[in-house]
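The chain contents come next:
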Amino acid sequence: MRTKLTLTICVLSFYLGFSQNIQIKGTVYDANTNDPLPGVSIILKGTSKGTTTDFDGLFTLDNITPGSTLVFSYIGFKTKEVVINNQQSLSVALEEDLQSLDEVVVIGYGTQTKKEITGAVSVVGSETIEKLNPVRVEQALQGQVAGVNITSQSGSPGSASTISIRGITTNGDSRPLILVDGIVIEDLSTINPSDIESVNVLKDATAGIYGVRAANGVILISTKSGRKNTALKFDVDMYTGVQETSREIPVLNATEYALLANEAFAAGGDDLPFPNVNNLGRGTNWQDEVFRTAPMSNLNVSMTGGTEKSTYSAGISYLDQDGIVGGSASNFNRLTGRINYSLDFLKNFTFNASGLYALTHKNNLSENALGSVLFNALNMAPTLGVRDENGDYTLAEGLGNEVINPLAQIANNYNNTQVDKIGGALGLKYNFLEHFNIETRYQFNYSEVQGKSFAPVAFYGSGKVFNVDRNNVTESKDIYRDYTWDNFLTYENSINDIHNFKALLGMSVFKTTGEFSSFTGYDIPDNSYGNASIDNASDVVDNYRNGGNTFDTRLLSYFTRLQYDYDGKYLISGVLRRDGSSKFGPANKFGYFPSVSVGWVLTEEEFLNESSTLNFMKLRGSYGIIGNDRIPDFRFVSLLNGEGTYVIDNELVFGTAAGALANPEIKWERQKTFDVGLDAKLFNNTIDLTFDYFQKRTEDLLVVSQVSGVLGAGAPGSSPPIINAGIVENKGFEFQIGYSKSFSDDFKFNMSYNFTTLENEVLFVNSDNGFIPGGSFGVGQDPPARMEVGQPIGYFYGLETDGIFQTQAEVDAHADQTNAAPGDLRFVDQNGDGIIDPDDRTYIGDPLPDVTMGLNIGFTYKKFDFTSYLFASIGNDIVRNYERNQSLTNKSVYYLDRWTGTGSTSEFPRVTTAANSNIQFSDFYVEDGSYLRMQNIQLGYSLSPDDLRGIGLNKLRLYLAVNNAFTLTDYKGYDPSASSGAPIGGGIDQGFYPVPRVYMIGINAKF
């Protein structure tokens, strides 16, 4: 009886225990995209029991005891643990592990995991780009990558930016090499940022695998691609917004302007221009007249998917953006399309194909120049109305030869550029003999750039340089072609899982050509843009009648790379590249460029691998030499491509003459790059640290020499020879720290901060006078910038001020300064010879920042997300050159604090029409351009998968954003972030078109 009772109790206990176990069903999806994730591993913690998700991200597990923990893991995503209570249905979101040591990074002709990288490589992911919503790709790098500085050449729609990686290393072309899915791209305006999956920046000698074109760094852009075994998915991103100027420069109103003009004329002994100022009021604010609240919108649709053996993706986008100056007169629109496809076929073959298409159209206004629209808006007299009593645009009489009515200028502006571009890449890879693969890639670009400008007959005022007496139209068409053919063999093997080898041997052929045509026609019927074409012109001139309308550049390269690591602990990589360029003569055509990098993963050592605080630490270093050949073609030989004018039978005949002076001895510019760095992860990988010290020394700089005019270098179509004549060094530190932690399923926080220090110095200049000048200031003055030994490249060279003369006694006691009087700027006699002259000029600033910083903060709380991105530039100077300084041009309100008598001020000089030296280039016109900018601030709200169930969407996110929300700076001009980008002559503000503030509302949808 007892035995039966015991057996019954055991059976009941087993039955009750079993009945408490439950079946779990669920879905695993990407937290960022809401796409289901196939192949996710799901393990019951502490056991070997588990399963994987199917094609639709679904899974089922039986006999799970409440209180158990399920562990979800997937390559490239953070592992997640979920405790099972009594729920029988789960919806699990996995987050991408952007800091994972196993994340694959593109490094050039191959990939490596983050753990294996021995060079200085930075990565910006698609999530960051999506939050920033940049119009151009390079805008997404500012503040995100230490060592990369982006300066806007203009805030006009579609305008380019200057990208500098670890400083300016040459006084020539300092652009980095940019590849999009292996396709060389020169103009980033043709790329849709929404298509980008990741941006990898190679900053040190490891970029040398790309050879001559990598001297200024390499930016590798990968566009979005599909995943194998995933269903077709669509992604729709769209936003719309309004733009406004981020600043107006405060200038004098009509009454203030008239009073100052009267004071200036009285001080000069002239009659007052405004005897009665009582009824002038505030007058015309010309900045209000030219600035607009401008719309912009963007739509992007993409699709991705994959089968067991293939992946595919495609996208199309359209951007339309008016300008804050002139509205549609500076419109930019862009249509882009892309396609990526990959197929595994037969047994060991992989085929890859990608294509890019872009069609852009831009209306161009005059900007950042003497006589530009904003220059005129700042200098135009506020006492004048926009139109006169006849309804015609007011003439700008008495304001100098360059200042005209900016509204009339916009109305008569007909200047547009259209770019039609297609690029593609084809690749075939074959794996054989277990450890080998051979790959061939062919990439090409073809683009047509068509321009048209029409100048109608126009009269802006007496003596204006912009008056047009005979209308004309100019039509141009430029065709660019290039191709790159790469072939390489790779060997990869591991011996006993300790000795890991990878070897690469390859060759590359590159060719780029261009054909230019341009014609100007005169006397267009009816002075109408509708009739403006070369076919309707009565007189047509070929602007390339003397040739010079083609170029042909070729490169032939061989390269090899060896990589080895011992047990994931000791890492070494070596590169040797031999480049041959058609830009150098036979004796110097080829150059050899080696580099080496090493790494030591300290946390793989026994003395650190048990650390509970330090999860990962790696020391790394690199050194290498990279060549640069970015000069015009065939400058080592003399060509007949100059312009010759001859008299034959008493008539002028145009022909050809010798072109640029040749130098058969020019050779490769060489950059020697050294880097040592540290990567670390701490406190359960919540803190990520990166530190680098770098030094870049560029030798044999390719510069345009200064020669005597008797050699004919100043003749039309000619120029001085190019020589190797300089050394520039950049060195500094980079530091980046990131923090990311999920405090709960509802709240996640992340923050990153980076800074870069930069010290630039010219070490050698081989020229007769010891410097190379550049830039412009005012009218008829010497170039204000120089490249000179002991100074930063492009530093500002002018007179140093020491306050303002307060009395005639101070003037008499000072060195002889032409036309000096009380109230004038007092210049320092640097050489002590008792005379203020050009020999007293000295260093008065430079446009290069000493430190740049980025701070990014973000968090998610339940369905809300917030991000903010700040950037700071410290130590850069800007030249204020947007003031015409004529007697009757307008002035900024700062002149209200001018000198008016002894002791009144020592900051701003007097106003007068009398001759003086106040307009000479001096530090009075040089300002601190340091600034802190809130680049983007964004708040989003996402619906959960449960909210979207039944409506066919995987993700729906709404957001509000502000780009360029605010800028803190002491600079008086429009925008401290703008620069022409010129190595010598950058940082001179002639009325920069400011980067607009943009208010946006957008939506992200996935289905």
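Here the structure is a predicted model, which means the values were calculated and not measured.

J.: An account of the packing of aromatic side chains is needed here, citing residue identities and associated values.
T.: According to the stated counting rule, one finds 43 aromatic pairs in the structure shown. For the pair Phe634 and Phe636, a centre-to-centre distance of 6.2 Å together with 55 degrees between the ring planes defines the contact as tilted. Assessed through its relative accessible area of 32%, Phe634 is described here as partly exposed. Looking at Phe636, the relative accessible area reads 14%, which means it is buried. Ring pairing ties together the aromatic residues Phe777, Tyr894, Tyr895, Phe908, Phe921, Phe924 and Tyr925, which thus form one cluster. Above the ring of Tyr393, the side-chain terminus of Arg387 is found at 4.0 Å from the ring centroid. Taking NZ or CZ as reference, Lys972 lies 5.2 Å from the ring centre of Tyr894, over its face.

J.: Can you tell me about the sheet that holds strand β42 (residues 795-798), naming the residues and giving the values?
T.: Across the sheet, which stays open at both edges, the four strands sit in the order β40-β41-β42-β45 with antiparallel pairing between neighbours. Of all strands in the sheet, those with a lone pairing partner are β40 (771-774) and β45 (842-843), marking the two edges. Where β40 meets strand β41 (residues 785-788), four bridges bridge the pair, whose relative direction is antiparallel. Counted as the bridge partner of Ile772 is Met787 from β41.

J.: An account of the UniProt feature "domain: TonB-dependent receptor plug" (unreviewed entry) in the protein chain is requested, with residue identities and associated values reported.
T.: According to UniProt, the "domain: TonB-dependent receptor plug" (unreviewed entry) feature falls on residues 114-218. From the first C-alpha to the last, residues 114-218 spans 17 Å; its make-up is 7% helix and 28% strand.

J.: Explain the sheet that holds strand β3 (residues 50-52) residue by residue, including any values.
T.: Taken together, the four strands give an open sheet; going across it, the order is β3-β2-β5-β6, and neighbouring strands pair in antiparallel fashion. For this open sheet the edge positions go to β3 and β6 (80-83), each flanked by a neighbour on one side alone. Recorded for the sheet is a direction-independent mean angle of 20 degrees between the axes of neighbouring strands. The pairing of strand β5 (residues 69-73) with β6 spans four bridges and is classified as antiparallel. Bridge pairing in β6 places Leu70 opposite Val82.

J.: Can you explain the pattern of salt bridges? Please cite residues and give values.
T.: Following the criterion strictly, the structure yields 40 salt bridges and no others. Between Asp679 and Lys618 there is a salt bridge whose closest N-O contact spans 3.9 Å. Placement of Asp679 in strand β33 (residues 669-682) and of Lys618 in strand β30 (residues 614-628) is noted, with a sequence separation of 61 residues between them. For the pair Asp679 and Lys618, one class covers both residues: buried. Linked by salt bridges that have partners in common, Arg166, Lys203, Lys618, Arg620, Asp675, Asp679, Asp692 and Glu734 make up one network.

J.: For the confidence of the model for the protein chain, give the residues involved together with the corresponding values.
T.: Of the residues in the protein chain, 96% have a pLDDT of 70 or more, and the chain-wide mean is 89. This stretch, residues 4-19, has a pLDDT under 50; its non-local contacts, to residues over four places away or in other chains, come to one contact.

J.: I'd like a description of a nonpolar patch on the surface, backed by residues and values.
T.: Taken together, Ile316, Tyr318, Leu335, Tyr357, Ile422, Leu426, Tyr442, Phe444 and Trp485 make up a surface patch of nonpolar side chains, about 800 Å² in accessible area. At the level of elements, β19 (310-323), β22 (414-432) and β23 (436-455) are the ones that each hand at least two residues to the nonpolar patch. Residue placement: Ile422 occurs in strand β22.

Reading guide: rules and limits
- Residues numbered from 1 in each chain as written.
- Predicted model: local features only at pLDDT ≥ 70, side-chain atom pairs only at ≥ 80, totals over all residues.
- Heavy atoms only, no water.
- Phe/Tyr/Trp six-rings, centres within 6.5 Å; stacked < 30°, edge-to-face > 60°.
- Buried < 20%, exposed > 50% of the residue type's maximum accessible area, 1.4 Å probe, protein only.
- Lys NZ or Arg CZ within 6 Å of the ring centre and 35° of its normal.
- Pairing = 2+ DSSP bridges.
- Helix = DSSP H or I, 4+ residues; strand = E, 2+ residues; numbered from the N terminus.
- UniProt positions renumbered as here; feature names shortened; annotations may be inferred.
- Axes fitted to C-alpha atoms, helices over the stretch in contact; angles between N-to-C directions.
- Salt bridge = Lys/Arg side-chain N within 4 Å of Asp/Glu carboxyl O.
- pLDDT = per-residue confidence, 0-100.
- Contact = heavy atoms within 4.5 Å.
- Patch = residues over 30% accessible without salt bridge, like charges linked within 9 Å, V, L, I, M, F, W, Y side chains within 5 Å.
- Areas by Shrake-Rupley, 256 points an atom, 1.4 Å probe, with all protein chains shown as cover.

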